[in-house]
Amino acid sequence: MKSAIDLLREAGDGVALPPCDSRFHYVPPWTAASLEALTEEVLPPVAAIAARYSAAGRADEPVTADETAALIGACEYVRLRGGGDGCVLAFGGLPAELAEYARLDRMTVRAALECAGWFNASQRALTGVDIEVRRPAGTPALDGALYGPELARRYNPARRVSERFNDVVRGFAREFLGSCRVLELGAGTGRVARNIAPFAGSYVGIEASLAMIGEGRRDGLDVRHGDMMAIPLDAGSADAVVEHESIDFCGEPLLAAAEIERVLTPGGHFYRVELETAPVAAIGHLQERIVTRLAEISGGVFPYWTKRQRQRLHGWLVRRGFADRRIELARWEEERTLRDWLQGLVNASYPSFSGVDERTALSVCVELAREASLGDLDGWWPGHVGMVVDQYELVGRCP
């Protein structure tokens, strides 16, 4: 695939670009000039720092003040998508996972390599240049900042499930996955995997976050580090691919769709499992008000996850010759605390893309809940929950 800068060099600034990287939903436009500056001015110092400290240097030794400033500036450049080139910014400043480093006069080697790794993940689709970032001996594997321990910490409280959820997923696995070689995309901390792996002929999950992989592996699950847009498995190696709302966070779902088609055996199935939640109307209105307030605080779009990814994926699969049907697995009533109904907003889409920190988001929830006379966040409220699955069968490939 051509990099963004190659496309702009060939077709000019008006050409439609693919998403800048695998991390963001909202991608403001780049210009050829801003990408040339990224390639020629911003990238080389970061590559030099990565080369200098990847091969040598102890993890807790400080780098220089100039190197610290260069790394933070580079991360801010790709975060702001070129900053002064006239693009509309969907995000402001650094993500929370890197913000602490920006307050340091001199970062450690460990922090510097984390910044270099994050910068590289965010820029390589733009420039076509992949910086080699290796950690010094004895230091833990780098986990891109957007997929680091903070994500794992915030994920489970925001995606809490009931035993009824587990029962329904196990029923789905028994009915649809028995004896299949199953691949799960975006296995996360293993909340779906724990229910489907025992009923599959074999199970493999892939996950971009090393921190979340660690949680899944504690349960003995075969979860491997990988990206759904470049699945680390051979063609035809899966009878069934399962995905539970992880496609919402994929930078380019059509690349994931092509990979799904590649790894499926002829006649195989892709199952996209979706949980539908509907609290009472008062909480639904409160959620809308919270998103609006957080957008005002962040100075732009509050990037709650998008469902458009699913629509694009569906259209591509159908055009490629997949037969689809939508199956309702179960619907039930469920009581949750107000905190649980709102937790996804507090987490700001794991992790916070908007620059709204966790404490601020929580205080907004408390304030607006009181204004709406909904009480405190630990009060219990009813709602409806449903689980549906979109089943895509690979009946024939279109050329």
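A. How the structure looks around the environment of L342. Residue position: L342 is located in helix α13 (residues 338-346). As for L342 and I283, which are separated by 59 residues in sequence, their C-alpha atoms are 8.5 Å apart. Excluding residues within four positions of it along the chain, L342 makes contact with I283, L286, Q287, I290, C365 and L377.

B. Examining the pairing of strand β4 (residues 238-243) more closely. In terms of burial, β4 is largely enclosed, as 5 of its 6 residues are buried. As paired strands, strand β1 (residues 181-185) and β4 are joined by 4 bridges and run parallel to one another. Directly across from L183, in β4, lies its bridge partner V241. Strand direction decides the pairing type here: β4 and strand β5 (residues 264-279), joined by 5 bridges, are parallel. Its bridge partner lying in β5, V241 is registered against F270.

C. Examining unusual backbone geometry more closely. With a phi angle near 70°, S179 is a residue other than glycine that sits in the positive phi range. Mapped onto the elements, S179 comes out in the loop between α7 (163-176) and β1. The backbone phi angle of E245 is positive, close to 65°, even though this residue is not glycine. With respect to the helices and strands, the residue E245 is situated in the loop between β4 and α10 (253-263). For E245, a relative accessible area of 7% gives the class buried.

D. Just the pairing of strand β2 (residues 202-207), in detail. The element β2 is largely enclosed, with a buried count of 5 among its 6 residues. Where β1 lies against β2, 5 bridges are found, and the strand directions are parallel. Paired with R181 across the two strands is S202, which belongs to β2. Pairing analysis gives 3 bridges linking β2 to strand β3 (residues 223-225), with the strands arranged parallel. When the sheet's bridge partners are listed, I206 is paired in β3 with R224. In this fold, the crossover linking β2 to β3 by way of helix α9 (residues 210-217) has right-handed handedness.

E. Region of the structure containing the packing of aromatic side chains. This structure, assessed with the given rule, holds 4 aromatic pairs. The interplanar angle of 80° and the centroid separation of 5.4 Å between the aromatic rings of F172 and Y271 together place this pair among those described as edge-to-face. Of this pair, F172 sits in helix α7 while Y271 sits in strand β5, and the two are 99 residues apart along the sequence. Its relative accessible area of 3% is what places Y271 among the buried residues. When the ring of F176 is compared with that of Y271, the centres are 5.7 Å apart and the planes differ by 55°; the resulting orientation is tilted. Of this pair, F176 sits in helix α7 while Y271 sits in strand β5, and the two are 95 residues apart along the sequence. Across this residue pair, the class does not change: F176 and Y271 are buried. What links up through ring pairs into an aromatic cluster is the set F172, F176 and Y271. The ring of W341 has R336 sitting right over it, with the charged end atom 4.7 Å from the ring centre.

Conventions used here
- Residues numbered from 1 in each chain as written.
- Predicted model: local features only at pLDDT ≥ 70, side-chain atom pairs only at ≥ 80, totals over all residues.
- Heavy atoms only, no water.
- Helix = DSSP H or I, 4+ residues; strand = E, 2+ residues; numbered from the N terminus.
- Contact = heavy atoms within 4.5 Å.
- Buried < 20%, exposed > 50% of the residue type's maximum accessible area, 1.4 Å probe, protein only.
- Pairing = 2+ DSSP bridges.
- Right-handed = clockwise from strand over helix to strand, strands pointing away.
- Phe/Tyr/Trp six-rings, centres within 6.5 Å; stacked < 30°, edge-to-face > 60°.
- Lys NZ or Arg CZ within 6 Å of the ring centre and 35° of its normal.

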